[in-house]
Amino acid sequence: MSVQLPPATEPAPGPVPTGEADGRPAQARTSRLRLTVRRFARNRLALFGLFLLVLLFLGAYGGPFLTKWDYQQHDYMNFLSSPAGDHWWGTTQGGVDLFSLTMRGLQKSLIIGLLVGVLSTFLSATVGAFAAYFGGWTDRVLMWIVDLLLVMPSFLIIAVLSPAFRGSTWLAFVLLLGAFSWMVTGRVVRSMTFTLKDREFVKAAKYMGVPAPVIIFRHILPSMASMLIIDMVIQVGAAVIGESSLSYFGFGVQAPDVSLGTVIADNTTNATTYPWLFFFPAGCLVLIGVSISFIGDGLRDALDPNASGAKARSPRKKKQPKLGRAAAATAVPAQATAAADGRSAGPEHSAGSQGAAS
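Residues numbered from 1 in each chain as written. Predicted model: local features only at pLDDT ≥ 70, side-chain atom pairs only at ≥ 80, totals over all residues. Heavy atoms only, no water.

Observations concerning the environment of Arg166
- Tracing the sequence through the fold places Arg166 in the loop between helix H6 (154-161) and helix H7 (171-179).
- On the accessibility criterion, Arg166 (47% relative accessible area) is partly exposed.
- Separated by 86 residues in the primary sequence, Arg166 and Gly252 place their C-alpha atoms 9.4 Å from one another.
- Beyond its immediate sequence surroundings of up to four residues, Arg166 is in contact with Gly250 and Gln254. (Helix = DSSP H or I, 4+ residues; strand = E, 2+ residues; numbered from the N terminus. Buried < 20%, exposed > 50% of the residue type's maximum accessible area, 1.4 Å probe, protein only. Contact = heavy atoms within 4.5 Å.)

Set out below in structure tokens:
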């Protein structure tokens, strides 16, 4: 007797995931930016550094609105007064409110640091990528300029050139700082471009007739974006320290503008007798350096998937409850009894199965 089977039918198509409907896998929905943010959020020190930097920005731009004193206003009834309710951080030798003066200097230091960080990273990326991509005389000339700037004492050059820019805008000081802070990163970008320009996607773009600047800015530099972002963060912190050092010696921001360096320099003579004149502006400078350092470490771990801080933590296994001596003694005979029942039921079960088969 033959048994007729029902005709085979194709299974009904199930719902297509949103990510696969347009030809992309479902995992593609998790972009690299989300992964980077997620890895960055796992680093508590990086989050603390970001919170600290945001707090410094809010204090620099929102703090002056919380007090009635201006950074150029003098209180002739309070000279070198200690921190109190009227003057939160005390006053200087001229009766200027130290809190307003420090917040004004913090504004200038943060702006200069950000601008110098962006400028130096742009110069290093552009010069290093163009030198390696074109090669030949372009590479030789650009690397000769890099080597020349590396051996020149940048601090002394800025100190010599700064008097020529007195009375002009402070943006000239930003250009001077940015011009002497990109050479080391430019060499790193050049070495990475030598490797990337022989990759298949760069050769394909070259064969399709894409101009060289477009290839550099659209294909080569985005491939090293993680390194450039970290370098920019580090350059911001270095620029703030460099600007404060130059301003301390009178070669940076000039009056009537103020920065953290000028605030510290103006109150150095009274720092031992009136310590708040030094601790508050120097403390802001230290907090900037600490926050930038924590953020840089967090970005390095977030952008590098092989870093230990970027890896997800494995879920902890639940511990099995330990049995007491009495419970273990009762569990062993119970297991032995169950095994004996299984062996005794084995032949009956096999006989029953054979009768069913016959």
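Section: the packing of helix H4 (residues 98-134) against helix H10 (residues 212-220)
- Contact geometry for H4 and H10: axes closest at 11 Å, N-to-C directions at 120 degrees. When the axes of H4 and H10 are compared, the pair comes out oblique. Between H4 and H10 lies a crossing of right-handed hand. Residue-level inspection shows Phe122, Thr126, Ala129, Phe130, Tyr133 and Phe134 of H4 in contact with H10, the latter providing Ala212, Pro213, Ile215, Ile216, Phe217 and Ile220.
- Tallied by class, the residues present in the contact of H4 with H10 amount to eleven nonpolar, one polar and no charged. (Axes fitted to C-alpha atoms, helices over the stretch in contact; angles between N-to-C directions. Parallel < 35°, antiparallel > 145°, perpendicular 65-115°, else oblique. Left-handed = near helix turned anticlockwise from the far one by under 90°. Nonpolar A, V, L, I, M, F, W, Y, C, P; charged D, E, K, R; others polar.)

Side note on the packing of aromatic side chains
- Throughout the structure, instances matching the rule amount to 13 aromatic pairs.
- Following the ring pairs from residue to residue traces out a cluster consisting of Trp88, Trp89, Phe99 and Phe280. (Phe/Tyr/Trp six-rings, centres within 6.5 Å; stacked < 30°, edge-to-face > 60°.)

Notes on the nonpolar core
- Grouped together as the largest cluster of nonpolar side chains are 34 residues, with contacts concentrated most on Leu106 and Ile288.
- Breaking this core down by element, the ones donating at least two residues are helix H3 (44-62), H4, helix H11 (225-248), helix H12 (260-266) and helix H13 (276-303).
- Looking at which element gives the most residues to this core, the answer is H13, with eleven residues.
- Among residues more than four places away in sequence, those in contact with Ile288 are Leu56, Leu106, Leu110, Val240 and Leu260.
- Listed in part, the 19 residues of the second largest apolar core include Val146, Leu149, Trp182 and Ala239. (Core = buried A, V, L, I, M, F, W, Y, C linked by side-chain atoms within 4.5 Å.)

What about the pattern of salt bridges?
- The tally for this structure, following the rule as stated, stands at seven salt bridges.
- For Asp297, the salt bridge goes to Arg300, with nearest N and O atoms at 3.9 Å. Separated by three residues within a single helix, Asp297 and Arg300 lie in helix H13, roughly one turn from each other.
- Note on Asp297: relative accessible area 33%, which makes it partly exposed. (Salt bridge = Lys/Arg side-chain N within 4 Å of Asp/Glu carboxyl O.)

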